Amino acid sequence: MPTDIRIKKGLNINLVGVAEAITSKAVASNVYTINLSDFHGVTPKMLLKEGAEVKAGEPIFFNKAYPAMKFVSPVSGELVEIERGARRRILTLKILADKEQTTLEHTPVDVSKATDDEIRAFLLESGCWPFIMQRPYDVIAHPEDVPKAIFISAYITAPLAADINYTLKGKEKELQAAISGLAKLTPGKVHIGIGQGQDSPFSSLSGFESHRVSGPHPAGLVGTLINKIDPINKGERVWTLSPQDLVIIGEAFLTGKFNPERLVALVGSCVKKPRYYSVKIGAEISTFLYSSGVN
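Residues numbered from 1 in each chain as written. Predicted model: local features only at pLDDT ≥ 70, side-chain atom pairs only at ≥ 80, totals over all residues. Heavy atoms only, no water.

Engineer: Can you tell me about the pattern of salt bridges, naming the residues and giving the values?
Structural biologist: Summed over all chains, the structure comprises 11 salt bridges. A salt bridge links lysine 25 to glutamate 261, with the nearest nitrogen and oxygen atoms 3.4 Å apart. Of this pair, lysine 25 sits in strand β2 (residues 23-25) while glutamate 261 sits in strand β16 (residues 261-266), and the two are 236 residues apart along the sequence. Judged by relative accessible area, glutamate 261 falls into the partly exposed class, the value being 31%. Between arginine 135 and aspartate 138 there is a salt bridge, with the nearest N and O atoms lying 3.7 Å from each other. Exposure remark for arginine 135: the relative accessible area of 24% places this residue in the partly exposed category. Linked through salt bridges whose partners overlap, the residues forming this network are Lys148, Asp230 and Glu236. (Salt bridge = Lys/Arg side-chain N within 4 Å of Asp/Glu carboxyl O. Helix = DSSP H or I, 4+ residues; strand = E, 2+ residues; numbered from the N terminus. Buried < 20%, exposed > 50% of the residue type's maximum accessible area, 1.4 Å probe, protein only.)

In structure tokens, the structure reads:
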């Protein structure tokens, strides 16, 4: 049975340029970039060299501290540049995308029958594990840790943020697969915060504890959800995920393919046509920036 969480203190900032409920498919990027600064606390070790051909979903590097944790390419193409900084630290990886995409395929996982070890191994091998974040510190979760609970906020209150209910529309099958699989990695519960009175895609799903959240920002932050439901004590850990990352994980379970496509909102007072764009992780912003008439 859903529980209610009401936040009284906070502030909603109503800015001009909210995205319309319209989705356009961005022109495919020529080059996709992986920024290593996005992966806090990870020391990368390359699996491929410059000039190597790679498939979408194929591992490019792994975490030196935990070699089974692999990071994969969002597209198929040629690894054209490994940019390094001081002391040869890897900064970015650039992939020149193929015109015709090919994807590395894994054996799909039946989450209803798979064990927790099988779920964990699949997430590591498929490149989906880096979507799972740990609190405290907001770093990539360690695969050998057992969190006391998993938290997902599907109630977004940040200014001009994408409407989660719109971006997840029609993705119920993928969401259910992801929730069912992740639930096996914790002895506790999967907690999901849903907007009070909203028609959420999570409303028809099962396998988690639902919380109806209302109130101004920061009511939509996952940290607020954790604090109100099950605060973190000394020595404890919880895991968090974003709703759109659940879709990628769920699709990987169902199809065996890593598909890093998501909806992003191009918004703000400078945008003449604020709307949503379907893009892949690492895409060039220029592929959809000018089509929206940015001043």
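Still more ground to cover, so stick around.
Engineer: Which residues make up the packing of helix α3 (residues 172-182) against helix α5 (residues 243-255), and what values go with them?
Structural biologist: Put simply, α3 and α5 touch, their axes get as near as 7 Å, and they point 85 degrees apart. One finds that α3 runs roughly perpendicular with respect to α5. Contacts from Lys173, Glu174, Leu175, Ala177, Ala178, Gly181 and Leu182 of α3 reach α5 at Pro243, Leu246, Val247, Ile249, Gly250, Glu251, Phe253 and Leu254. Across the contact of α3 with α5, the residue classes break down as 10 nonpolar, 2 polar and 3 charged. (Axes fitted to C-alpha atoms, helices over the stretch in contact; angles between N-to-C directions. Parallel < 35°, antiparallel > 145°, perpendicular 65-115°, else oblique. Contact = heavy atoms within 4.5 Å. Nonpolar A, V, L, I, M, F, W, Y, C, P; charged D, E, K, R; others polar.)

Engineer: Explain the environment of serine 112 residue by residue, including any values.
Structural biologist: Topologically, serine 112 is positioned in the loop between β9 (90-97) and α1 (116-126). Put simply, serine 112 and glutamate 83 are 29 residues apart on the chain and 42 Å apart in space, counted from C-alpha to C-alpha. A polar contact is formed between the side chain of serine 112 and the side chain of aspartate 110, at a distance of 2.6 Å. (Polar contact = N/O pair within 3.5 Å; in protein donor to acceptor, adjacent residues only side chain to side chain.)

Engineer: An account of the pairing of strand β8 (residues 77-84) is needed here, citing residue identities and associated values.
Structural biologist: When a strand is regular, its side chains alternate between the sheet's two faces. Bridge analysis of strand β5 (residues 53-54) against β8 gives 2 bridges, and the strand direction is antiparallel. Paired with valine 54 across the two strands is glycine 77, which belongs to β8. Pairing of β8 with β9 involves 7 bridges; the strand directions are antiparallel. Residue pairing in the sheet places glycine 77 in a bridge with alanine 97 of β9. The antiparallel pairing of β8 with β9 creates a hairpin that spans 5 residues between the two strands, and arginine 87 there sits at a positive phi of about 55 degrees. (Pairing = 2+ DSSP bridges.)

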